[in-house]
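Observations on chain architecture
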Amino acid sequence: MSGNRDLPPHPDDQGRPLDHNRRRLLQAVGAIVSAAAAPSLHASIPAGNTADGGGYDAIVIGGGFAGITAARDLSLRGFRVLILEARPRLGGRTFTTRFANHDLDLGGTWIGNSQPFVWSERMRYGVDVVESAAVAASQAIWMDDGERITGSLAQYAEIYEPAANHFYAPAREFIPRAYQPLFKEEFGNLDQISAADAIANLGLPAVQRDLLYSFAAINGHSFASESSYLDQLRWFALGNYHLWNLWDNLSRYRLAGGTKALIDRMAADSNAEVRLGTPVAHVKQSAAGATVTTLRGEELQARAVVVAVPLNCLADIEFSPAISEVKLSESRRRHTGSGTKVYAKTAGKQPVFMGHGTQQMPLCFAWTEYDDPDSQLLCGFGASPELLDVNDDRAVASAFARYQPSVTVEESVSYDWNIDPYSKGTWCMYRPGTLTGSLTELQRPEGHVFFAGADIANGWRGFIDGAIESGATVAQQVTQHIAI
Ligand SMILES: Cc1cc2nc3c(=O)[nH]c(=O)nc-3n(C[C@H](O)[C@H](O)[C@H](O)COP(=O)(O)OP(=O)(O)OC[C@H]3O[C@@H](n4cnc5c(N)ncnc54)[C@H](O)[C@@H]3O)c2cc1C
């Protein structure tokens, strides 16, 4: 089984010019922002497209966790809300499928109890959690100068933990408030250097250095040279400045029934109208609101628009007037998340293991995720699709064999988020300079247009938790905006 390649057409496929006369449009933004503050706006709510012709209060573009949260919260406050989702399903970068008798998540999967937004949602809707088999691993596997070493988790921790604590040492000083990443204001050069630079500067023995490169690679889902050191430190702050608590939040708990179980309950609790398979091509603001044009040319009006698409896809929507150049250039620059994730079903069983490789290996991490009676499901992550073709079962089998040489892989499954035009990447970690230089601007509403998403969250940015945080925050902003 391989990734889904039956993707709907992309806005760019229509050959629509995305360039604008920026000066003229920036002037128009100014006019709209001043008009938005005027109290008489509500006299001219745009002609609507709801069944009764009354118009939408808000159109939410994107039906991932951020968009669903924003739409649910707004609709439960009595506003008329429409979700326009490009794909034929909700969930965005979370995607639960059936494989080897499990509800398997090909995208976002694990949540943690230091993640307040998603944890409260799963408790509110009564969605249980299940623990990864690797939590009780009887074997740790790591690499020392190319040689595969096996031992206990405690032996592995003796090598890895002091190195990781060294790497994360500046986190408490520079990110004292995990949900206010810019609180400190002064960060020295921490956001200018990469995680790889920081690791090289630690002067550690090669075995520890390589473990850190690989950990930075899985966290940024790209080589350690791509991500900002400061952005990596943020994760440690969010993990309560404790390495193993961070790990618990990254990989311990899955939602029973998969992420679909949660997003379906959130969507069912919402009164928002949902249109699937409806990519948005254009958002045009007026004094009273905005007109959203779908790829099929349908025009829909609302008083406010929530753009809850991945950062990497933002520049594919045409905005009139144009949104800020910072937003567009960060979208085109893309966050670092561009690696691979793959599951493999084994024939027979191996010791339940947790494997920490090097960032140059096809899979920089691999472990037993499900320990079934007669087989296992292994999960692996790699820093780059260049290192592993996840659609090639034999390549996948040999990648897992680097950890368990005698493993027999029966079949594997993955999803290529990097070629999907509605994600153009995996989870978000920032490149050097983006956190201190652009986050505030990425979050800033422009006129009647608001921005949400895991990729611009304050707390667990790049996670389901961050998507829900951002969606809830923007729902509050839109509520105030509409109520003016
Ligand atoms: C492989 C992988 C593993 C991950 N692992 C974890 C994990 O274990 N734990 C965790 O918490 N997080 C994880 N994440 C990250 C997490 O899944 C995301 O951060 C989060 O789900 C993003 O939510 P979102 O709503 O901000 O964006 P998305 O889920 O990307 O939703 C955006 C939506 O916008 C839609 N869209 C895009 N363009 C348009 C358009 N023009 N018109 C209309 N709709 C459009 C998309 O189709 C999509 O549905 C992982 C992600 C991946 C890919």
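Here is what the cut-offs are and how they apply
- Residues numbered from 1 in each chain as written.
- Predicted model: local features only at pLDDT ≥ 70, side-chain atom pairs only at ≥ 80, totals over all residues.
- Heavy atoms only, no water.
- Buried < 20%, exposed > 50% of the residue type's maximum accessible area, 1.4 Å probe, protein only.
- Helix = DSSP H or I, 4+ residues; strand = E, 2+ residues; numbered from the N terminus.
- Pairing = 2+ DSSP bridges.
- UniProt positions renumbered as here; feature names shortened; annotations may be inferred.
- Contact = heavy atoms within 4.5 Å.
- Polar contact = N/O pair within 3.5 Å; in protein donor to acceptor, adjacent residues only side chain to side chain.
- 1 Å grid on protein atoms, 1.4 Å probe; cavity = no way out; pocket = protein on both sides within 12 Å on 5 of 7 lines; lining within 4 Å.
- Points joined across faces, edges and corners; volume = space filled by probe spheres on them.
- Domains from an automatic or database assignment.
- Buried area = accessible area lost by both parts, 1.4 Å probe.
- Salt bridge = Lys/Arg side-chain N within 4 Å of Asp/Glu carboxyl O.
- Core = buried A, V, L, I, M, F, W, Y, C linked by side-chain atoms within 4.5 Å.
- Near = heavy atom within 4 Å.
- Areas by Shrake-Rupley, 256 points an atom, 1.4 Å probe, with all protein chains shown as cover.
- Nonpolar A, V, L, I, M, F, W, Y, C, P; charged D, E, K, R; others polar.
- Axes fitted to C-alpha atoms, helices over the stretch in contact; angles between N-to-C directions.
- Patch = residues over 30% accessible without salt bridge, like charges linked within 9 Å, V, L, I, M, F, W, Y side chains within 5 Å.
- Lys, Arg positive; Asp, Glu negative; His and termini not counted.
- Charge placed at Lys NZ, Arg CZ, Asp CG, Glu CD.
- pLDDT = per-residue confidence, 0-100.

1. Observations concerning the pairing of strand 17 (residues 365-371)
Each regular strand carries side chains that alternate between the two faces of the sheet. Summarising burial for strand 17: six of the seven residues are buried, a large majority. Where strand 16 (residues 353-356) lies against strand 17, three bridges are found, and the strand directions are antiparallel. When the bridges of strand 17 are listed, G355 appears paired with A366. Bridging between strand 17 and strand 18 (residues 376-382) involves six bridges; their strand directions are antiparallel. Bridge pairing in strand 18 places T368 opposite L378.

2. Considering the UniProt feature "binding site: FAD" (unreviewed entry) in the protein chain
UniProt annotation of "binding site: FAD" (unreviewed entry) refers to E85, A86 and V280 when read in the numbering used here. Judged by maximum C-alpha separation, these annotated positions cover 196 residues in sequence but sit close together in space, the widest gap being only 8.0 Å. Along the chain, the position of E85 falls in the loop between strand 2 (81-84) and strand 3 (96-99). When residues no more than four places from it in sequence are discounted, the contact partners of E85 are G62, G63, G64, R275, L276, G277, T278 and P279. A distance of 2.7 Å separates a polar atom in the side chain of E85 from the backbone nitrogen of R87. As for its placement among the helices and strands, A86 is situated in the loop between strand 2 and strand 3.

3. What about empty space enclosed by the protein?
Enumeration over the complete set of coordinates arrives at three cavities of 30 Å³ or more. Here the largest cavity defines a volume of roughly 100 Å³. Lining the largest cavity are 13 residues, and of these V309, L311, L314, A452 and I456 sit closest to its centre.

4. Quick word on the domain arrangement of the protein chain
Along its sequence, the protein chain is organised into domain 1 (1-17 + 133-251 + 339-417) and domain 2 (35-92 + 258-333 + 425-483). Each of domain 1 and domain 2 was reduced to a C-alpha centroid, and the two centroids are 31 Å apart. Counting from both sides, the interface comprises 38 residues of domain 1 and, opposite them, 30 residues of domain 2. Together domain 1 and domain 2 conceal approximately 2900 Å² of surface at their shared face, both sides included; 60% is due to carbon and sulfur atoms. At the boundary of domain 1 and domain 2, one finds two salt bridges. Viewed at the interface, domain 2 and domain 1 are joined by eleven residue pairs in polar contact (both at pLDDT 80 or more). When contributions to the side of domain 1 that touches domain 2 are tallied by element, the ones reaching two or more residues are helix 7 (206-220), helix 8 (229-238) and helix 9 (243-251).

5. Overview of the UniProt feature "domain: Amine oxidase" (unreviewed entry) in the protein chain
Mapped onto this numbering, the UniProt entry gives "domain: Amine oxidase" (unreviewed entry) at residues 65-478. When the span residues 65-478 is considered, its composition is 32% helix and 22% strand, and the gap between its end C-alpha atoms is 17 Å.

6. Here we look at the environment of L314
In this structure, L314 sits in the loop between strand 13 (299-307) and strand 14 (318-320). For L314, a relative accessible area of 6% puts it in the buried group. Between the C-alpha atom of L314 and that of Y422, which follows or precedes it by 108 residues, the distance is 9.6 Å. Every residue in contact with L314, bar those within four places of it in the chain, is listed here: V307, V309, F319, I323, K327, S331 and F451.

7. Things to note about the nonpolar core
Counting residues in each nonpolar core, the largest one holds 96 residues, and the members touching the most others are I61, V283 and V307. Looking at which element gives the most residues to this core, the answer is helix 7, with eight residues. Counting the residues that make up this core, at least three belong to each of domain 1 (1-17 + 133-251 + 339-417) and domain 2 (35-92 + 258-333 + 425-483). For V307, the residues in contact, after removing those within four places along its chain, are I61, L314, I317, F319, V449, F450, F451 and A452. With 37 residues, the next largest nonpolar core counts V60, Y125, L255 and A261 among its residues.

8. Some remarks on the site of the ligand
The full set close to the ligand counts 37 residues, and E85, R93, W110, A454 and I464 are the nearest of them. In this structure, an oxygen atom belonging to the ligand sits 2.7 Å away from a main-chain N or O atom of A454. At 2.8 Å from an oxygen atom of the ligand is found a main-chain nitrogen or oxygen belonging to I464. For the ligand, whose accessible area on its own is 1000 Å², the fraction buried by protein is 98%. Every element with two or more residues in the shell around the ligand is listed here: helix 2 (65-76) and helix 14 (464-483). When the residues that make up the shell around the ligand are grouped by side-chain class, the tally is 20 nonpolar, 13 polar and four charged.

9. Side note on the sheet that holds strand 18
Taken together, the seven strands give an open sheet; going across it, the order is 8-7-16-17-18-15-19, and neighbouring strands pair in mixed fashion. In the strand order of this sheet, the two ends are held by strand 8 (147-151) and strand 19 (409-414), each with one partner. Recorded for the sheet is a direction-independent mean angle of 20° between the axes of neighbouring strands. As judged from the four bridges shared by strand 7 (residues 139-144) and strand 16, these two strands associate in the parallel manner. In the sheet register, Q139 faces strand 16, and the bridge partner there is F353.

10. As for a negative patch on the surface
Together, D389, D392, D393 and E411 give the surface a local cluster of negative charge. By the secondary structure assignment, D392 is in the loop between strand 18 and helix 12 (393-401). Exposure remark for D392: the relative accessible area of 32% places this residue in the partly exposed category.

11. Details of the side chain of S114
Residue position: S114 is located in the loop between strand 5 (110-111) and helix 3 (116-124). A polar side-chain atom of S114 sits 3.3 Å from a polar atom in the side chain of N240. Once you skip the residues sitting within four places of it in the chain, S114 turns out to touch Y179, L238, N240, N245, N249 and W460.

12. Comments concerning the confidence of the model for the protein chain
On average, the protein chain scores 91 in pLDDT, and the residues at 70 or more come to 89%. Low pLDDT (under 50) marks residues 1-48, which in the prediction has 85 contacts with non-local residues, meaning those over four places away or in another chain. Among the scores for the predicted complex, ipTM is 1.00 and pTM is 0.91.

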